[in-house]
Amino acid sequence: MQRALELAALGVGQVSPGPLVGTVIAAGGEIVGEGFYLYDGLKHAETLALEQAGERARGGTAYVTLEPHAHHGRTPPCSEALIRAGIKRVVAPIEDPNPKVSGRGFAHLREAGVEVCNGVLKQEAAQLNEAYLHFMRTAQPFVHLKMAVSLDGKVATFSGDSRWITGEEARARAHELRHQYDAIMVGGRTVSADDPLLTDRSGRKRRRPLTRVVIEQYLRMSVDSQLAQTAEAGPVVVFAYGDSDPETVSALQSRGVEVISQSNSTLDLPGVLAELGKRSIQSVLLEGGPSLAGLLLDAGLVNKISFFIAPMIIGNQDAPSAIGGDGAEKIAAAVQLDNVQVKQWGRDVEITGYPRQKPHESG
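One structure accompanies this document, and this report is about it. Note that the coordinates shown come from a computational prediction; the quantities given were computed from them, not determined experimentally. (Residues numbered from 1 in each chain as written. Predicted model: local features only at pLDDT ≥ 70, side-chain atom pairs only at ≥ 80, totals over all residues. Heavy atoms only, no water.)

## Details of the overall build of the protein
- Along the backbone of the protein there are 12 helices and 14 strands.
- Its C-alpha atoms put the protein at 70 × 45 × 40 Å along the principal axes.
- Surface accessibility of the protein: about 17600 Å² in total, with carbon and sulfur atoms responsible for 49%.
- Distance between charge centres in the protein, computed from 37 positive and 42 negative side chains, equals 4 Å. (Helix = DSSP H or I, 4+ residues; strand = E, 2+ residues; numbered from the N terminus. Areas by Shrake-Rupley, 256 points an atom, 1.4 Å probe, with all protein chains shown as cover. Lys, Arg positive; Asp, Glu negative; His and termini not counted. Charge placed at Lys NZ, Arg CZ, Asp CG, Glu CD.)

If you want it as structure tokens, here you go:
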């Protein structure tokens, strides 16, 4: 199963809006077939592994990282392929929450007399497909907040200088994260201050271009910004709330920027995520700034958090801190992280975890 998970991970950036899936076929005490899913490859991981195994698959065990589907979609049912190949046992850690699949694949296998074993490396399998699983359960993208900060929690100096807080290794890691996500989101102030490109410069192949999402108040984004100038090369979607100047909207649209205006004076963040979900955007990497990060955290809409902490002290109370919003009045109300992982990238340290759900929250 560990090998199957490794194979599934080879599809990062090339499966959305599908899941990451890897399959290993074992028979006679050895691996006889392997495969992993790529969206444009059409054939599923199970089919590829069975083709490699050939007749050696008969009587063997299939280790699949996600429940095989039993319906006719872009490809024939994988459960049927496993049955026809003579597989006697299927080990799959988790059920696929896709309504077209959920439980049906396992049921089809059991009805055909195939032994089904669940739960092996369940947490690892769920984490690998965390964005897909969240999207299928909520119809909204999985939101991962990523920030680069100094030891004293600053994201820039009091004059606004922020390049660069972290070193090359940490910034390369940040581009690896961008490669894993369907969209990147920033606030309008970040665009005005930094004029970022917000591209995936990991150098790795991706199936869909990274969608660049900007949350703006009163639509101040310049038509001469790097985002507007590169909108034809990769989608740029601006959600603007409050009054927007029609001429600015028209000028941005002429560059290929999509502008979605919200008449409300306050930003409808759940509405933003719902709209992105309608576009089959499963995952969003939120890169700030502090105000937008605070709003999403306050609303309970952040699913994962990564802070890259540099060994430097910026100082000055007017230098911007990482998180705005209402924040916590008491320490007991602060956002706590679970399943925390710590890694070092050069001189910088990455701390990643998942916001602890409050008792009334679910999903």
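Now that the structure has been shown, the text picks up again.
## Topic: the state of the cysteines
- With the rule as written, the count across this model stands at zero disulfides.
- The closest cysteine sulfur to the non-disulfide-bonded Cys78 is located on Cys117, 19 Å from its own sulfur.
- For Cys78, a relative accessible area of 1% gives the class buried.
- Residue classification places Cys117 among the partly exposed residues on the basis of a relative accessible area of 22%. (Disulfide = S-S within 2.5 Å. Buried < 20%, exposed > 50% of the residue type's maximum accessible area, 1.4 Å probe, protein only.)

## Some points on unusual backbone geometry
- Omega for the bond connecting Ser16 with Pro17 falls within 30 degrees of zero, at 10°, which places this linkage in the cis form.
- Residue Trp164 follows Arg163 across a cis peptide bond; omega there is -10°.
- Take Trp164: it is sitting in the loop between strand E6 (142–150) and helix H7 (168–180).
- Of note in this structure, Ser280 is not a glycine but carries a positive phi near 60°.
- Here Ser280 shows up in the loop between helix H11 (269–278) and strand E11 (283–286).

## Quick word on the side chain of Thr352
- For Thr352, the position within the fold is in strand E14 (residues 348–355).
- A distance of 2.6 Å separates polar atoms of two side chains, one belonging to Thr352 and the other to Ser306.
- Those residues in contact with Thr352 that sit more than four places away from it in its chain are Lys304, Ile305, Ser306, Asn339, Val340 and Gln341. (Polar contact = N/O pair within 3.5 Å; in protein donor to acceptor, adjacent residues only side chain to side chain. Contact = heavy atoms within 4.5 Å.)

## Remarks on the layout of surface pockets
- Its volume calculated, the largest pocket comes out at about 1700 Å³.
- Put simply, the parts of the chain that give the lining of the largest pocket at least two residues each are helix H5 (122–128), helix H6 (130–138), helix H12 (290–298), strand E12 (304–310), strand E13 (337–345) and E14.
- By residue class, the composition of the lining of the largest pocket is 22 nonpolar, 16 polar and 10 charged. (1 Å grid on protein atoms, 1.4 Å probe; cavity = no way out; pocket = protein on both sides within 12 Å on 5 of 7 lines; lining within 4 Å. Points joined across faces, edges and corners; volume = space filled by probe spheres on them. Nonpolar A, V, L, I, M, F, W, Y, C, P; charged D, E, K, R; others polar.)

## Side note on the environment of Ser280
- We classify Ser280 as partly exposed; its relative accessible area is 28%.
- Taking the C-alpha atoms as reference points, Ser280 and Gly353, separated by 73 residues in sequence, lie 25 Å from one another.
- The residues touching Ser280, leaving out its near neighbours within four places in the chain, are Ser16, Pro17, Phe135, Asp182 and Arg208.

## Describing the packing of aromatic side chains
- Using the criterion set out here, one finds zero aromatic pairs in the structure.
- Taking the ring centre of Tyr39 as reference, the NZ or CZ of Arg207 above it sits at 3.9 Å. (Phe/Tyr/Trp six-rings, centres within 6.5 Å; stacked < 30°, edge-to-face > 60°. Lys NZ or Arg CZ within 6 Å of the ring centre and 35° of its normal.)

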